[in-house]
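Descriptive analysis of the structure
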Amino acid sequence: RRCSIQPSSRPLLSLAMFASRPIKRAKSVADALLQTVAQTVVTSPGLESDGGSRSTTVIGTHDGNFHCDEALACAMLRMLPTYSDASVLRTRKAEALEKCTVVVDVGGEYNFEALRFDHHQKTFSGTLDGYETKLSSAGLVYKHFGAAIIDVVTNNELPEKLKKVVYDKVYKNFVEHIDGIDNGIEVAEGELRYNISTTLSSRVGKLHPSWNEDQSPEIVNAQFRSAMELCATEFVECVSGLHHAWLPARSIVEDMITKASEVHESGAIAIMEQFAPWQSHLFDIEAEQPGSAGLLKYVLYPDSRGMWRIQAVPDAPGSFKNRLPLPGAWRGLRDAALVDACGIDGSSFVHAAGFIGGNATKEGAIKMAIAALGSAE
């Protein structure tokens, strides 16, 4: 049986973790947007409307096999007040597309003034400012409407100075890989070590009827609407997560960096009294502060059980390579064996890869970090 996302069957799990804002208000905004997308009328020329009245505002896209980029493009447009009552027309007929208010991923034209957002023409090589990945229809819609869509999802609560930060983060963390996949751009050069088969693009692909199932326009259009719902849900989760969980951590990370020299004269060790997501903020802040890049080597924080962790700072966001891994002689050891190796009471473990370790106390974790610095000198 094909997977069809129903508007009330998929809980926004990440929204339940947002303690810095009233959860009910966050969910009400998200639920209203997702309901709008779920109620989209999707049709094709010659078909009767599928359960709703056709709007005079029409988003045109191609029929046949659908992809993540146009599903996300249509979903994002539907979140805007201008297109909140728009229907979606799936066709490749030029005469039908000419009558559409906005057209995405078909038509061979990119023209913002005319609201035409195709990327397949040979002459197109557009990217988002500051990025190298060629845009898909999703990236084009995000380029022109992304800031306004983020305002809708966040209920206009973002501080003005941080809007560009969130805009860039949503593109880098969510939209860009959809652009890359749709344009056939590999994530890295050389032979890939393993295949990632659970991207949003691949999950949208699984919503297609199988070769031996009904592939009538009515069925495919219904599945396209399911694809829009899936894309909308994960887009809203991404933006809301940045708004309610990620952004509030920025001031904590800024404070941690400022006080690093109080922990050790090198400024290479920082302490968070309460854990907060720190890695992406650290790299953003370092980029904003000339001369600070690469200085910090270890971040210390308590875990949920009260143990103090010492974590090596990676070379780059998401990298498995670290600026200064914990000493090789400590790696893979636990408890008494680790205490014997490092000479620091309370040491509980160091991961075999050297990226993280633990101590029973804050003081012990600081001693481990200082010793690790000294071993590298």
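In this report, we go over the structure that sits alongside the text. Along each chain, the written sequence defines residue order, and numbers are assigned to residues from 1. Note on the predicted model: pLDDT of at least 70 is required for a residue's local features to be given, and 80 or more for side-chain atom pairs to be given and counted; whole-chain, interface and lining totals, by contrast, use all residues. As a rule here, side-chain values cover all heavy atoms of the structure and leave hydrogens and water aside.

**A closer look at the pairing of strand E8 (residues 298–302)**
Each residue is assigned to one of three classes by its accessible area relative to the maximum for its type, calculated with a 1.4 Å probe on protein chains only: buried under 20%, partly exposed between the two thresholds, exposed over 50%. Helix numbers and strand numbers start at the N terminus; a helix is a DSSP run of H or I with at least 4 residues, a strand a run of E with at least 2. Most of E8 sits inside the fold, with 5 of its 5 residues counted as buried. The two faces of E8 match: Tyr-298, Leu-300 and Pro-302 on one face and Val-299 and Tyr-301 on the other face are all buried. In this analysis, strands are considered paired if DSSP registers two or more bridges between them. As defined by bridge partners, strand E7 (residues 269–271) adjoins E8 across 3 bridges and the pair is classed as parallel. Each residue of the ladder has a partner; that of Ala-270, found in E8, is Val-299. Every crossover in which the path from the first strand over the helix to the second runs clockwise, viewed with the strands pointing away from the viewer, is termed right-handed. In this region the chain leaves E7, passes through helix H10 (residues 279–288) and returns to the parallel neighbour E8; the handedness of that crossover is right-handed. Of the strand pairs in this sheet, E8 and strand E9 (residues 308–312) are connected by 5 bridges, and their pairing is antiparallel. When the sheet's bridge partners are listed, Pro-302 is paired in E9 with Trp-308. Between E8 and the antiparallel strand that follows it, E9, lie 5 residues; Gly-306 among them carries a positive phi value of about 95 degrees.

**Description of the side chain of Thr-57**
Relative to the helices and strands, Thr-57 is located in the loop between strand E1 (42–43) and strand E2 (58–61). Whether two residues touch is decided by their heavy atoms; if any such pair falls within 4.5 Å, the residues are in contact. Not counting chain neighbours up to four residues away, the residues in contact with Thr-57 comprise Thr-82, Tyr-83, Asp-85, Ala-86, Ser-87 and Thr-101.

**Considering the environment of Met-228**
Mapped onto the elements of the fold, Met-228 is located in helix H7 (residues 217–246). Along the sequence, Met-228 and Ala-71 sit 157 residues apart, while their C-alpha atoms lie 4.8 Å from each other. Once residues lying within four places of it in the same chain are set aside, the contact partners of Met-228 are Val-37, Thr-40, Val-42, Ala-71, Cys-74, Ala-75, Arg-78 and Val-88.

**Notes on the sheet that holds E8**
A sheet is described by the order of its strands in space; here 5 strands give the open sequence E7-E8-E9-E11-E10, paired in mixed fashion. Bordering the open sheet on either side are E7 and strand E10 (347–350), each of which pairs with just one other strand. Strand-to-strand twist in this sheet, taken as the mean axis angle between neighbours without regard to direction, amounts to 20 degrees. Strands in contact with helix H12 (residues 362–375) are E7, E8, E9, E10 and strand E11 (356–359); relative to E8, the strand with the most contacts, it is inclined by about 165 degrees. To get an axis, a line is fitted to the C-alpha atoms, and for a helix only the part in contact is used. The angle between two axes follows their N-to-C directions and goes from 0 to 180 degrees.

**Brief notes about the pairing of strand E3 (residues 87–90)**
Residues of E3 alternate between two faces, with Ser-87 and Leu-89 on one and Val-88 and Arg-90 on the opposite face, all of them buried. Relative to E3, E1 is paired through 2 bridges, and the arrangement is parallel. Bridging from a neighbouring strand, Val-42 pairs with Val-88 of E3. Viewed along the sheet, the connection from E2 through helix H2 (residues 68–79) into E3 turns out right-handed.

**Brief notes about the packing of H2 against helix H5 (residues 160–182)**
For the pair H2 and H5, interaxial distance at closest approach is 9 Å and the crossing angle is 140 degrees. When the axis of H2 is compared with that of H5, the two are oblique. In this structure, H2 uses Cys-68, Asp-69 and Leu-72 to contact H5, whose residues at the interface are Phe-174, Ile-178 and Asp-182. Broken down by class, the residue content of the contact of H2 with H5 amounts to 4 nonpolar, no polar and 2 charged. Should an angle fall under 35 degrees it is taken as roughly parallel, and over 145 as roughly antiparallel, whereas 65 to 115 is taken as roughly perpendicular and any remaining angle as oblique. For this classification, Asp, Glu, Lys and Arg are treated as charged, while Ala, Val, Leu, Ile, Met, Phe, Trp, Tyr, Cys and Pro are nonpolar and the rest, including Gly, are polar.

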